[in-house]
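Chain by chain, the residues run as shown.
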2 protein chains.
Amino acid sequence: MRTLMVELGERSYPIYIGSGLLNDLGSYLQKHGITTKNSLLLVTDDNIAPLYLEKTLHTLQQSGYRVVTSIVNAGEKAKSLSVFENVMTAAIEGGLDRNSAVLALGGGVVGDLAGFVAASYMRGIRFVQIPTTILAHDSSVGGKVAVNHPLAKNMIGAFHQPVMVLYDVDTLQTLPMREVKAGYSEMIKHGLIWDEAFAEWCLNQAESLLALNREDLAYGLERGCAIKAAVVSEDERENGLRAILNLGHTIGHAIEAVGGYGEFLHGEAISIGMMGSALLAVKRGRDQSIYTRTKQLFGRFGLPTSLPKHLDTEALIHALLHDKKFKDNKIVFVLPVAIGKVDIVTDITLDEVREVIEQLKEEA
Amino acid sequence: MRTLMVELGERSYPIYIGSGLLNDLGSYLQKHGITTKNSLLLVTDDNIAPLYLEKTLHTLQQSGYRVVTSIVNAGEKAKSLSVFENVMTAAIEGGLDRNSAVLALGGGVVGDLAGFVAASYMRGIRFVQIPTTILAHDSSVGGKVAVNHPLAKNMIGAFHQPVMVLYDVDTLQTLPMREVKAGYSEMIKHGLIWDEAFAEWCLNQAESLLALNREDLAYGLERGCAIKAAVVSEDERENGLRAILNLGHTIGHAIEAVGGYGEFLHGEAISIGMMGSALLAVKRGRDQSIYTRTKQLFGRFGLPTSLPKHLDTEALIHALLHDKKFKDNKIVFVLPVAIGKVDIVTDITLDEVREVIEQLKEEA
Ligand SMILES: NC(=O)c1ccc[n+]([C@@H]2O[C@H](COP(=O)([O-])OP(=O)(O)OC[C@H]3O[C@@H](n4cnc5c(N)ncnc54)[C@H](O)[C@@H]3O)[C@@H](O)[C@H]2O)c1
Ligand SMILES: NC(=O)c1ccc[n+]([C@@H]2O[C@H](COP(=O)([O-])OP(=O)(O)OC[C@H]3O[C@@H](n4cnc5c(N)ncnc54)[C@H](O)[C@@H]3O)[C@@H](O)[C@H]2O)c1
Ligand SMILES: [Zn+2]
Ligand SMILES: [Zn+2]
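Residues numbered from 1 in each chain as written. Chains lettered and ligands numbered in written order. Predicted model: local features only at pLDDT ≥ 70, side-chain atom pairs only at ≥ 80, totals over all residues. Heavy atoms only, no water.

This is how it is decided: UniProt positions are given in the numbering used here, feature names are shortened, and annotations may be inferred rather than shown by experiment.
By the naming in an unreviewed UniProt entry, chain A is 3-dehydroquinate synthase, taken from Paenibacillus zeisoli. The heading Function (unreviewed entry) in the UniProt record of chain A holds the text "Catalyzes the conversion of 3-deoxy-D-arabino-heptulosonate 7-phosphate (DAHP) to dehydroquinate (DHQ)." Its UniProt record, at the heading Catalytic activity (unreviewed entry), says of chain A: "7-phospho-2-dehydro-3-deoxy-D-arabino-heptonate = 3-dehydroquinate + phosphate".

Written out as structure tokens, the structure reads:
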């Protein structure tokens, strides 16, 4: 079992990563001051419920906890204010009070939704993350919780740190392969922005990681979480450094939007987005190897590295213009300086982005 | 002009109280780092808009601000998630970003709603309160913001402190008399929990206060805010002391609920609730003068001091049982020790409450 601390002063919390941890959920809760006097709300989705809900409830009840359950529809649509209100109803009807805690059993969707419930129920109660996707190694660190507004993603939310994260790698074995790959996209990103050796390790262990080898998986999750934690510890509220976590996300978000949030998974979209950032870096005179090595990495994980031709360039540009990072016809971009290092470039023009989009399509 | 600081470490903020302050809104914003580069969202209701919106927008535009306006229906119903989503829509369509600010022009309803928008828009942007009711001297101090859930009041919210409060006493001149009286109920409460001399002053100045004499009004608001600020400074997140602000609210909330949130204004309900607390105190052997003096105070302000007979006792008890302060058949109550001092009694029984409710009805 691996333990990693996210250092945030009095809001610091541990991430436990290992095999079979879910069986000991009760004792982990106790250890963190959530006693059987405190009622719990467990939020999960209807893909995860048939797989892990019974087991989880059984463990909790054996430890003597009173648990209310709220099962939402799987998928990004659950991150809406109306589902949020339904989960709140379950919390109120279940009699949760200020000493209660909300448990998120699931991927980033359940984590973000349940986290915002925890942040705002009676103005804030305790929150525990039990991630069940690889991508959630990213979303479970940093305390960003949110739901979407019909007009924009993650628009309504809070910063609310969990009291602990319990990552049972066994649960990852049932992930659909496409979700596995998409999850690795954020892991690779953590290598690309911070740690060349980790990026290399990902490349070399790609087969083992894709086969969900528990040892490598646990190490990769730990290192990914550690990098994110290091960034977040320095800049909890995204006033500066934290922006580097957005590598590939400006173009990535545009791809998700133009694809109607159905065609591409988030991890897939940002994989293409990171290819775009690499191209922009090369255009700005940085080493050509940035591009080739990035492409090799994503390729090895079966992640997309080019743009399907049917995506309209102007639609992508239009979506980009909706992005908050746009100003005076210039866009702020996180760009690789080398593998394992990025900086922030504030004067990328729309024309440069247009060229890169066209280039990404030619690769297809 | 009176200035009062709410001391909350790095979240400290001033309350400006005086006549004509709204005309200088722009310079107050500037002073607090909200520049004309930052777009603003102004939230108000449809009673206040015809009276003060044009003037406010004019001032802001003269100072060079870009302002988006969101006008909600007047009344408690605006504190719902669906109205919250509409205000969010206005914010997004208006292009608000992380450097923007939300301005609440109105009473406690607008303040609570707009405050929760500010707390959660892009995970939190700046917030300015411009209270236009007397009651809002209470709601604008302390950073509690919230909307209601159909099942329970103020259930969904946050702690989000404003950067400043601008209290223009001129706006209070248009308040309906019933709202004036109800607003004084919380002001008197601040005397009852903390400051006998202030309670006495309220009693002596009742006529002048009800006539909205600007001098006395400004002093009363300042002293009310100061008492609330003193309590909140010691206990921002309601872990202890802050509970004394709930004097009269346990019975008061039950009265509001049984009256269907239409029959009684909040200030009226807690006025009866404080009479109940006084009766309970006397029942527990405290001085009879607590009751008579409390009654004299509320009576002088034309506030109700007894319960209409048609309110069903068991319905009130049932509503009380929904209260979060109930445990092991005992209820936690804030009770007066003397005028100007309260303590917290944890073992009030349902039977005692029942008797007090009956007594409050006999007084009618
Ligand atoms: N808060 C943050 O900092 C942050 C960071 C990155 C992403 N996110 C958010 O995370 C979300 C994406 O997260 P995600 O990729 O985990 O999506 P997800 O939660 O939708 O999970 C992906 C799919 O896998 C299913 N699933 C989950 N666990 C499973 C398991 N163990 N076995 C079988 N199926 C399983 C889910 O039901 C879903 O269909 C997005 O909404 C994104 O905005 C948040
Ligand atoms: N956040 C807190 O700490 C806190 C504390 C106390 C009360 N509250 C909340 O405050 C709300 C009650 O506040 P309120 O009494 O100010 O109610 P309100 O905001 O509904 O205002 C009362 C009425 O007066 C009207 N009005 C407001 N200003 C006016 C003016 N200048 N001229 C003419 N009409 C005007 C409004 O349109 C409304 O009809 C409740 O929702 C309560 O929960 C919050
Ligand atoms: Zn991402
Ligand atoms: Zn009140």
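**Considerations on the sheet that holds strand β9 (residues 164-168) of chain A**
Residues and elements named next belong to chain A. Spelled out, the test is: At least two bridges found by DSSP between two strands is the condition for calling them paired. Helix and strand labels come from DSSP, where a helix needs a run of H or I of at least four residues and a strand needs a run of E of at least two; each type is numbered from the N terminus. A fitted line through C-alpha atoms serves as each axis, taken over the contacting stretch for helices, and the angle formed by two N-to-C directions is quoted from 0 to 180°. Note on contacts: a residue pair qualifies if any of its non-hydrogen atoms lie within 4.5 Å across the two residues.
Within the open sheet, the seven strands sit side by side as β1-β2-β9-β6-β5-β3-β4. Their pairing is mixed. Of all strands in the sheet, those bounded by a partner on one side alone are β1 (2-6) and β4 (67-72). Along the sheet, successive strands turn relative to each other by an average axial angle of 15 degrees, direction set aside. Here six bridges tie strand β3 (residues 40-45) to β4, and the two strands are oriented parallel to one another. Bridge pairing in β4 places Thr44 opposite Ile71. In the packing of helix α3 (residues 81-93) onto the sheet, the strands contacted are β3 and β4, and the crossing angle to β4 comes to about 165 degrees. Those strands touched by helix α9 (residues 214-234) are β1, β2 (13-18) and β9, and its axis lies near 10 degrees from that of β1.

**Details of the packing of helix α3 (residues 81-93) of chain B against helix α4 (residues 108-120) of chain B**
All names here are of chain B. Our working rule: For this classification, under 35 degrees means roughly parallel, over 145 means roughly antiparallel, 65 to 115 means roughly perpendicular, and everything else is oblique. Left-handed is the label given to a crossing in which the near helix is rotated counterclockwise from the far helix by less than a right angle, and right-handed is the label when the rotation is clockwise. Under the grouping applied here, Gly and all other residues not named as nonpolar or charged are polar, the nonpolar ones being Ala, Val, Leu, Ile, Met, Phe, Trp, Tyr, Cys and Pro and the charged ones Asp, Glu, Lys and Arg.
Between α3 and α4, the least distance of the axes is 10 Å, while the angle of their chain directions is 60 degrees. In this view, α3 runs oblique relative to α4, as classed from their interaxial angle. Remark: the crossing between α3 and α4 carries right-handed chirality. Every residue of α4 that contacts α3 at Val83, Phe84, Val87 and Met88 is listed here: Leu113, Phe116, Val117 and Ser120. Residues belonging to the contact of α3 with α4 are distributed by class as follows: seven nonpolar, one polar and no charged.

**Description of the UniProt feature "domain: 3-dehydroquinate synthase N-terminal" (unreviewed entry) in chain A**
Per the UniProt record, "domain: 3-dehydroquinate synthase N-terminal" (unreviewed entry) is found at residues 71-181 of chain A. Along residues 71-181 of chain A, the helical share is 32% and the strand share 30%, with 25 Å between the first and last C-alpha atoms.

**Quick notes on the interface of chain A and chain B**
Applied cut-off: Accessible area that two parts lose when put together, evaluated with a 1.4 Å probe and summed over both, is termed the buried area. Any Lys or Arg side-chain nitrogen found within 4 Å of a carboxyl oxygen on Asp or Glu counts as a salt bridge. Identification of polar contacts relies on pairs of N or O atoms within 3.5 Å, with a donor-acceptor requirement for protein atoms, meaning one able to donate a hydrogen and the other able to accept it, and with residues adjacent in sequence counted only if both atoms are side-chain atoms.
Facing 29 residues of chain A, the contacting portion of chain B comprises 29 residues. A combined buried area of about 2,600 Å² lies between chain A and chain B, and 64% of that area is made up of carbon and sulfur atoms. Where chain A packs against chain B, one counts two salt bridges. In this structure, Arg98 of chain A engages Glu238 of chain B in a salt bridge whose closest nitrogen and oxygen atoms are separated by 3.6 Å. Scanning the region where chain A abuts chain B turns up ten residue pairs in polar contact (both at pLDDT 80 or more). When residues of the side of chain A that touches chain B are traced back to their parent elements, those giving at least two are α3, α4 (108-120), β7 (144-149) and β8 (152-159) of chain A. Per element, the largest residue contribution to the side of chain A that touches chain B is seven residues, and it comes from α3 of chain A. Residue composition of the side of chain A that touches chain B, by class: 16 nonpolar, five polar and eight charged.

**Quick notes on the coordination of the zinc ion (ligand 4)**
All names here are of chain B. What counts here: The rule for donors is simple: an N, O or S atom within 2.8 Å of the metal counts, and for Na, K and Ca the reach is 3.2 Å. Water is not among the atoms, so a site may look short of donors.
Binding of the zinc ion (ligand 4) to the protein goes through Glu186 (OE), His249 (NE2) and His266 (NE2), at separations of 1.9 to 2.2 Å. Here the donor residues of the zinc ion (ligand 4) share one chain and are spaced in sequence as E-x62-H-x16-H. A residue pair is termed long-range when its members are at least 10 positions apart, and His249 in helix α10 (residues 249-258) and His266 in helix α11 (residues 266-283) qualify at 17 residues.

**Here we look at the site of ligand 2**
Residue and element names in this part refer to chain B. Here is the rule: A molecule or strand has a residue near it when one of that residue's heavy atoms lies within 4 Å. Using a 1.4 Å probe, accessible areas were evaluated by the Shrake-Rupley method; residue-level cover was limited to the displayed protein chains.
Close contacts around ligand 2 come from 26 residues, with Asp45, Glu76, Thr132, Thr133 and Thr174 the closest. At 2.8 Å, a backbone N or O of Lys144 approaches a nitrogen atom of ligand 2. Between ligand 2 and Thr171, the relevant distance is 2.9 Å, taken from a nitrogen atom to a main-chain nitrogen or oxygen of the residue. Summarising the interface, the protein chains cover 90% of the accessible area of ligand 2, which totals 870 Å² for the free molecule. Mapped by element, the contributors of at least two residues to the shell around ligand 2 are α2 (49-62), α4, α5 (136-139) and β8 (152-159). Here the shell around ligand 2 takes three residues from α4, the largest share from any one element. Of the residues belonging to the shell around ligand 2, the class tally is eight nonpolar, nine polar and nine charged.

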